[in-house]
Amino acid sequence: MEVKTADLCDDYPDKLRIASPGLKSFGGVKSFHGPISTVQVKDDNVLVRKALETIPPGNVLVVDGMGSQNCALMGGNLAAIAEKRNLAGVIIHGYIRDSLEVADTDVGVLALGTFPLKSKKEGKGEESIPLTFGNVVWHPGDYAYVDEDGVVLAEEKLHD
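Residues numbered from 1 in each chain as written. Predicted model: local features only at pLDDT ≥ 70, side-chain atom pairs only at ≥ 80, totals over all residues. Heavy atoms only, no water.

## Some details on the packing of helix α2 (residues 46-54) against helix α3 (residues 76-84)
Part 1 of the reasoning: Orientation of α2 relative to α3, taken along the N-to-C sense of each, is 20 degrees, at an axis distance of 8 Å. Classified by the angle between their axes, α2 and α3 sit roughly parallel to one another. Relative to α3, the crossing made by α2 is left-handed. Here Val-48, Arg-49, Leu-52 and Glu-53 of α2 lie close against α3, whose contacting residues are Leu-78, Ile-81 and Ala-82.
Part 2 of the reasoning: Residues that form the contact of α2 with α3 fall into these classes: 5 nonpolar, no polar and 2 charged. (Axes fitted to C-alpha atoms, helices over the stretch in contact; angles between N-to-C directions. Helix = DSSP H or I, 4+ residues; strand = E, 2+ residues; numbered from the N terminus. Parallel < 35°, antiparallel > 145°, perpendicular 65-115°, else oblique. Left-handed = near helix turned anticlockwise from the far one by under 90°. Contact = heavy atoms within 4.5 Å. Nonpolar A, V, L, I, M, F, W, Y, C, P; charged D, E, K, R; others polar.)

Okay, here's the thing in structure tokens:
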């Protein structure tokens, strides 16, 4: 069921944190929502893959790549994992590659843009921590709601 972020803003203005604009939609799904799982990495996507392979179905993986413009943190192969595992979506404060493959997946993907170079594979970073980007704090277990109008966060599930 589609949940409109504008309606959530109308119905729950005191319960929402609204992420600043800037993320672009690349996945085949434009509207998605679910509980947040988090990873923070810098130019290394090993923990991104690990999270995509292990977080619960229906979750939204939020990746703080620190906005690095040095490489892509996700491509077609990782988007296919997210799709196969029935994740709601992936939100990346960083870049993706294989954008045409990502667009063909049945998963929501937001990122700052595209960049063709793959990331390092060192396994550095942190998992399940609060992240800060887009003028909001992304807490594991909170809910993210995404559509063409933006991204809003809530401490609890607000809509089915």
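## A short note on the pattern of salt bridges
Part 1 of the reasoning: In this structure the tally under the stated criterion is 5 salt bridges.
Part 2 of the reasoning: Lys-15 serves as the salt-bridge partner of Glu-156, at 3.0 Å between the closest nitrogen and oxygen. Placement of the pair is Glu-156 in the segment after β14 (150-154) and Lys-15 in the loop between α1 (5-11) and β1 (16-18), with a sequence separation of 141 residues.
Part 3 of the reasoning: For Glu-156, a relative accessible area of 40% translates into the label partly exposed.
Part 4 of the reasoning: The class of Lys-15 is partly exposed, set by a relative accessible area of 45%.
Part 5 of the reasoning: The residue Glu-127 makes a salt bridge to Lys-50 at a minimum N-O spacing of 3.3 Å. Separated by 77 residues along the polypeptide, Glu-127 in strand β10 (residues 126-127) and Lys-50 in helix α2 bring together distant segments of the chain.
Part 6 of the reasoning: When its relative accessible area of 40% is taken as the criterion, Lys-50 is described as partly exposed. (Salt bridge = Lys/Arg side-chain N within 4 Å of Asp/Glu carboxyl O. Buried < 20%, exposed > 50% of the residue type's maximum accessible area, 1.4 Å probe, protein only.)

## Comments concerning the side chain of Asp-43
Part 1 of the reasoning: Mapped onto the fold, Asp-43 is located in the loop between β3 (32-40) and α2.
Part 2 of the reasoning: Lys-42 is the oppositely charged side chain nearest to the buried, salt-bridge-free Asp-43, at an N-O distance of 4.4 Å.
Part 3 of the reasoning: Polar contacts involving the side chain of Asp-43 include one to the side chain of Asn-70, which spans 2.9 Å.
Part 4 of the reasoning: When neighbours within four sequence positions are excluded, Asp-43 is seen to be in contact with Ser-68, Asn-70, Cys-71, Leu-73, Ser-119 and Lys-120. (Lys, Arg positive; Asp, Glu negative; His and termini not counted. Polar contact = N/O pair within 3.5 Å; in protein donor to acceptor, adjacent residues only side chain to side chain.)

## Examining the pairing of strand β6 (residues 89-93)
Part 1 of the reasoning: Most of β6 is tucked away, with 5 of its 5 residues classed as buried.
Part 2 of the reasoning: Where burial is concerned, the two faces of β6 agree: the one with Gly-89, Ile-91 and His-93 and the one with Val-90 and Ile-92 are both buried.
Part 3 of the reasoning: Looking at chain direction, strand β4 (residues 60-64) and β6 are connected through 5 bridges and run parallel. Within the sheet, the bridge partner assigned to Val-60 lies in β6 and is Gly-89. (Pairing = 2+ DSSP bridges.)

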